[in-house]
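One letter stands for each residue in the lines below.
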Amino acid sequence: MNTGLRITTFAAALAATFGAAYGVGQGVGPVVADSPPKHEGEHTRPAPEGEKGGHAGHGTPPAGGLQISEGGYTLDLRTPRVTAGEQADLRFTVRDADGRAVTAYQREHDKELHLIVASRDLVTYRHLHPTRAADGTWSTPVDLPRAGGYRVFADFTPAGKGAENLTLGADLAASGPYRARQLPPESGTARVDGYEVRLTGAPRPGKASELKLTVSRDGKPVTDLQPYLGAYGHLVALRSGDLAYLHVHPNGEPGDGTTSPGPDISFTATAPSSGAYRLFLDFKHDGKVHTAAFTVRAGGAAPESGTPEGHADDGHGH
């Protein structure tokens, strides 16, 4: 998979759907999913104006709609609802155009499929590694801390010559007492598990730009990062509002003779539009994976680098 950016742009109507379903606001009340969440229309819809054509690093990347189905493949989420604060087994299947479960995938960055779960307010984030049964059913334990609406992203490439990478999305509901939370404020610094990560640069609408993240601990640069998913860092960006999905990989890789294991991790990204984005950086050190989270704005001023923001709400399911 080349350095760059794969984007799935999602319809803002779903945010409104969850707003109604969970009473988004400042009030508190019980949330119970009485029926599976409804999905946006299937198959490709025209890209929004200004998001048509091109590839990552060549102008604005191509964009689809909110897709549960694309390119003849469908994400069949078998667990559309869970209970907040309780561990559940999240199960799903990827089906082809004939409805058959897909059992052959291309491995990318050490995995056949990458699974991301994020809350609609972009406070809770999970990067999970499900296992696939022989019949094509994927499963992974998940424990979501708060009630509300979540989005499940399956990022994969089917086996076969010329197969293209896809990111399919489906809605997940976590029932329980619900309180809306605001998007964390912009900041160029995040602290997580004793590490400090500083962000230099910001995504630009329609133009490729470098994002450099620098990792330190106890005031000293970390120069012995360990490979994680075939790289020294793994970055996912989600646009606030409609959760447009940007999956970015770093510039360079371990063992290429030029990429050092820290303290800097460099990415190239292109934002599909102006607005606020939430960045989630996974990095591995001393045998553990950590997730640092940032709120940034594309098409606006760069965030202050001196104010620590914090980290993602329990980023992993290892």
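Residues numbered from 1 in each chain as written. Predicted model: local features only at pLDDT ≥ 70, side-chain atom pairs only at ≥ 80, totals over all residues. Heavy atoms only, no water.

1. Observations concerning the pattern of salt bridges
Formally: For this analysis, a salt bridge means a side-chain nitrogen from Lys or Arg found within 4 Å of a carboxyl oxygen belonging to Asp or Glu. A run of H or I in DSSP counts as a helix once it spans at least four residues, and a run of E counts as a strand once it spans at least two, with each numbered from the N terminus. Exposure categories follow from relative accessible area, calculated using a 1.4 Å probe and restricted to protein chains: below 20% of the type maximum is buried, above 50% is exposed, and the middle band is partly exposed.
Enumeration according to the criterion identifies 13 salt bridges in this entry. Asp 171 is paired through a salt bridge with Arg 151; the nearest N and O atoms lie 2.6 Å apart. Residue Asp 171 is found in strand E12 (residues 166-179), and its partner Arg 151 is found in strand E11 (residues 148-156); the two are separated by 20 residues along the sequence. Under the relative-accessibility criterion, Asp 171 is labelled buried at 1%. The buried category is assigned to Arg 151, whose relative accessible area is 2%. The partner of Arg 198 in a salt bridge is Glu 196, and the shortest N-O contact between them spans 3.1 Å. Each of Asp 96, Asp 98 and Arg 100 takes part in one network of salt bridges that share partners.

2. A closer look at unusual backbone geometry
Between Gly 262 and Pro 263 the backbone carries a cis peptide bond, its omega angle lying at 5 degrees. Of note in this structure, Asp 193 is not a glycine but carries a positive phi near 55 degrees. With respect to the helices and strands, Asp 193 occurs in the loop between strand E13 (189-192) and strand E14 (195-200). Using a relative accessible area of 52% as the deciding quantity, one classes Asp 193 as exposed. Within the chain, Asp 286 stands out as a residue other than glycine whose phi angle is a positive 55 degrees. Inspection of the secondary structure assignment puts Asp 286 in the loop between strand E20 (275-285) and strand E21 (288-298).

3. Brief notes about the sheet that holds strand E10 (residues 137-142)
Counted only if it meets this: DSSP-based pairing: two strands are paired if at least 2 bridges between them are found.
Read across the sheet, five strands follow the order E3-E4-E6-E10-E9 without closing on themselves; strand pairing throughout is antiparallel. Among the strands making up the open sheet, the edge pair consists of strand E3 (69-70) and strand E9 (131-132). Alignment of strand E6 (residues 88-95) against E10, held across six bridges, turns out to be antiparallel. Bridge pairing in E10 links Arg 91 to Ser 139.

4. What about empty space enclosed by the protein?
For clarity, the cut-off: Cavities and pockets are found on a 1 Å grid laid over the protein atoms alone: a cavity is a set of points where a 1.4 Å probe fits but cannot escape, a pocket is an open set with protein on both sides within 12 Å along at least five of seven lines, and a lining residue has an atom within 4 Å of such a point. Grid points are joined across faces, edges and corners, and a volume is the space filled by probe spheres set on the points. Gly is put with the polar residues, along with every residue not named as nonpolar or charged; the nonpolar set is Ala, Val, Leu, Ile, Met, Phe, Trp, Tyr, Cys and Pro, and the charged set is Asp, Glu, Lys and Arg.
For the coordinates displayed, the defined rule picks out one cavity of 30 Å³ or more. Looking at the largest cavity, its volume works out to about 50 Å³. Along the walls of the largest cavity sit Pro 203, Leu 211, Leu 235, Ala 237, Leu 246, Val 248, Ala 269, Tyr 277 and Leu 279, which together make up its complete lining. Broken down by secondary-structure element, the contributors of at least two residues to the lining of the largest cavity are strand E17 (234-239), strand E18 (245-248) and E20. Partitioning the lining of the largest cavity into residue classes produces nine nonpolar, no polar and no charged.

5. Some remarks on the side chain of Ser 266
Defined as follows: In protein, a polar contact means a hydrogen-donor-capable atom and an acceptor-capable atom, both N or O and within 3.5 Å, with residues adjacent in sequence counting only if both atoms are side-chain atoms; elsewhere, any N or O pair within 3.5 Å suffices. Any two residues whose heavy atoms approach within 4.5 Å at even a single point are treated as in contact.
Of note, Ser 266 is situated in strand E19 (residues 264-270). In terms of polar contacts, Ser 266 uses its side chain to reach the side chain of Glu 210, at 2.7 Å. With near-sequence residues (within four places) excluded, Ser 266 lies in contact with Glu 210, Leu 211, Pro 250 and Asn 251.

6. Examining the environment of Arg 239
With respect to the helices and strands, the residue Arg 239 is situated in strand E17. For Arg 239, a relative accessible area of 8% corresponds to the buried category. Along the sequence, Arg 239 and Ser 274 sit 35 residues apart, while their C-alpha atoms lie 9.4 Å from each other.

7. Points about the confidence of the model for the protein chain
In plain terms, the rule: Residue-level confidence of the predictor is what pLDDT reports, using numbers from 0 through 100.
Averaged over every residue, the pLDDT of the protein chain is 79; the share at 70 or more is 73%. Low pLDDT, under 50, characterises residues 1-59; the stretch is placed with 155 contacts to residues that sit more than four places away or in other chains. Counting interchain partners and residues more than four positions distant, the pLDDT-below-50 stretch residues 302-309 has 27 contacts.

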